[in-house]
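Single-letter residue listing:
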Amino acid sequence: DRIYVRTTNGDASYHWDLPSGTGDIIGTPRWDTIGSVHYVYVSTTGGYVYKLVDSGTTLALASSPWNTPYFQGTNATVTSPLLTDANYIYWAGNNTSSSPTLFRVSNASKGSATTQSLTATVNAALALDSPSSLAYVMAATAGHFYRYDVTNNSAPTDSTTLNPAAIDGRITVLYNRLYAVDNAGKLTVVPTTTLGTATWTYQDTGTHGSCSSGNNCQAKNLYVNLDDYWATGGTAKPRVVYGDKDGHVYIVRQNGSTTAGAVMTGYPMQPNSDTSPILTSPLYQSGILVVGNSNGKVYVINAFTATGPATPSLLQTYDFGTGVAITSIARNRTVNSNAGAYMIATS
């Protein structure tokens, strides 16, 4: 496995190769800058966590104590992408006894390692929340939502009341609400402080009928758009954007003050009637929605105008080839004379 460093237009710059025998890279690497030093963190399925320094010309192991990776021990694994804050690195995996575990280690000293037992394996990316004077790490998996109190380092709260189907994509936390979509296509929005009761939910049974885990309504990764939050002066009712296994694109928001979600006008839509899975998170920026599927297509959709929501219309299609999965979509705002540019990654 290799971590690539590329220029803003995609040209290869330099890279770092994972040592053999340590497993495969899992999830997107994390990064931060401390002082003037740029750090990159990466984990592997074999239970290793690396801290690298990006000098601008090379990517290499950090100095001691991170000149060797953190390793919890034989049989330990990492099952979720990493999460970082100012002090710690967090991940879910299995401990040396092969039991589901939440890990925390100091990003500076590689010490202060703590573990918390979980009741089920977590594959989805973790998310941070900071209500009041506390700090939480949130996690989700089939049948469970977890809240780990970082401030008090206490055992995670395990909520099974909402009983989601498998969640193995990305969850998002904004304004003390957790947003997650599962493999039965159900979007659940739940307060991080009271995990047992959903603020609102949405599931497309109109298009799919009965939705079971893994069938055509399956969804994995979502994007939460904050436009509504700012437009309404702080009323946190963001739009949630995601795709499903048979090519539908959704923009959903809370239906007034009810516990139900409502799909926006014109959605769900299938661009060009394409039924290929959309399991990578779409990206919404400034009225434009960019969506990639598992069969090489990137669709650019006009979602909003300057005066409000628009009936969605397909503006442009890019085709990267049959069977080529679109794996991520990102946008660099500062290039192209500040007009921005999209970076599309494929399999």
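To be clear, the structure that these remarks concern was listed above.
Quantities reported herein were computed from a predicted structural model and do not represent experimental measurements.

## Some words on the nonpolar core
Ranked by size, the top nonpolar core spans 20 residues in total, and within it Ile251, Tyr267, Leu289, Ile301 and Ala303 carry the most contacts. Take this core: its biggest share by element is five residues, from strand β27 (residues 297-305). By size, the runner-up hydrophobic cluster in this structure holds 14 residues, among which are Tyr88, Tyr90, Leu126 and Ala139.

## Describing the side chain of Thr101
Looking at the secondary structure, you find Thr101 in strand β11 (residues 100-106). Excluding anything up to four places from it in sequence, Thr101 contacts Trp91, Ala92, Gly93, Asn94, Asn95, Thr115, Gln116 and Leu118.

## A closer look at the side chain of Gln116
Topologically, Gln116 is positioned in strand β12 (residues 114-117). What makes Gln116 buried here is its relative accessible area of 11%. Side-chain polar atoms of Gln116 contact the side chain of Asn153, separated by 3.1 Å. The contact partners of Gln116, leaving out residues within four places of it in the chain, are Pro100, Thr101, Leu102, Tyr148, Asn153, Ser154, Ala155 and Pro156.

## Some thoughts on the layout of surface pockets
Quantified by volume, the second largest pocket comes out at close to 160 Å³. What lines the second largest pocket is Val290, Val298, Val300, Tyr318, Phe320, Tyr342 and Ile344. Taken together, the elements giving at least two residues each to the lining of the second largest pocket come down to β27 and β30 (341-346). Here the residues of the lining of the second largest pocket sort into seven nonpolar, no polar and no charged.

## Details of the packing of aromatic side chains
What describes a pair of aromatic rings is the distance from one ring centre to the other and the angle between the planes of the rings. For the structure on display, the rule yields eight aromatic pairs. On the numbers, 5.3 Å between centres and 10° between planes, the contact of Trp91 with Phe103 is stacked. In this pair, Trp91 sits in strand β10 (residues 88-94) while Phe103 sits in strand β11, placing the two residues 12 residues apart along the sequence. The class for Phe103 is buried, based on a relative accessible area of 2%. An aromatic cluster is defined as three or more aromatic residues linked by ring pairs; in this entry it consists of Trp16, Tyr48, Tyr50 and Phe71. Note that Arg104 overlies the ring of Tyr88, its terminal NZ or CZ placed 4.0 Å from the centroid. Taking the ring centre of Tyr136 as reference, the NZ or CZ of Arg147 above it sits at 5.1 Å.

## Notes on unusual backbone geometry
Residues Ser64 and Pro65 are joined by a peptide bond in cis, for which omega reads 10°. Here Tyr267 and Pro268 are connected by a cis peptide whose omega angle stands at 0°. One can find Pro268 in the loop between β24 (261-263) and β25 (283-285). A positive phi is found at Asn163, a non-glycine position, where the angle reads about 45°. When you line up the elements, Asn163 lands in the loop between β16 (157-159) and β17 (172-174). Residue Asn163 is classed as exposed on the basis of its relative accessible area of 53%. The backbone of Asn272 sits at a positive phi, close to 55°, despite the residue not being glycine. In this fold, Asn272 is placed in the loop between β24 and β25.

Scoring rules and cut-offs
Residues numbered from 1 in each chain as written. Predicted model: local features only at pLDDT ≥ 70, side-chain atom pairs only at ≥ 80, totals over all residues. Heavy atoms only, no water. Core = buried A, V, L, I, M, F, W, Y, C linked by side-chain atoms within 4.5 Å. Buried < 20%, exposed > 50% of the residue type's maximum accessible area, 1.4 Å probe, protein only. Helix = DSSP H or I, 4+ residues; strand = E, 2+ residues; numbered from the N terminus. Contact = heavy atoms within 4.5 Å. Polar contact = N/O pair within 3.5 Å; in protein donor to acceptor, adjacent residues only side chain to side chain. 1 Å grid on protein atoms, 1.4 Å probe; cavity = no way out; pocket = protein on both sides within 12 Å on 5 of 7 lines; lining within 4 Å. Points joined across faces, edges and corners; volume = space filled by probe spheres on them. Nonpolar A, V, L, I, M, F, W, Y, C, P; charged D, E, K, R; others polar. Phe/Tyr/Trp six-rings, centres within 6.5 Å; stacked < 30°, edge-to-face > 60°. Lys NZ or Arg CZ within 6 Å of the ring centre and 35° of its normal.

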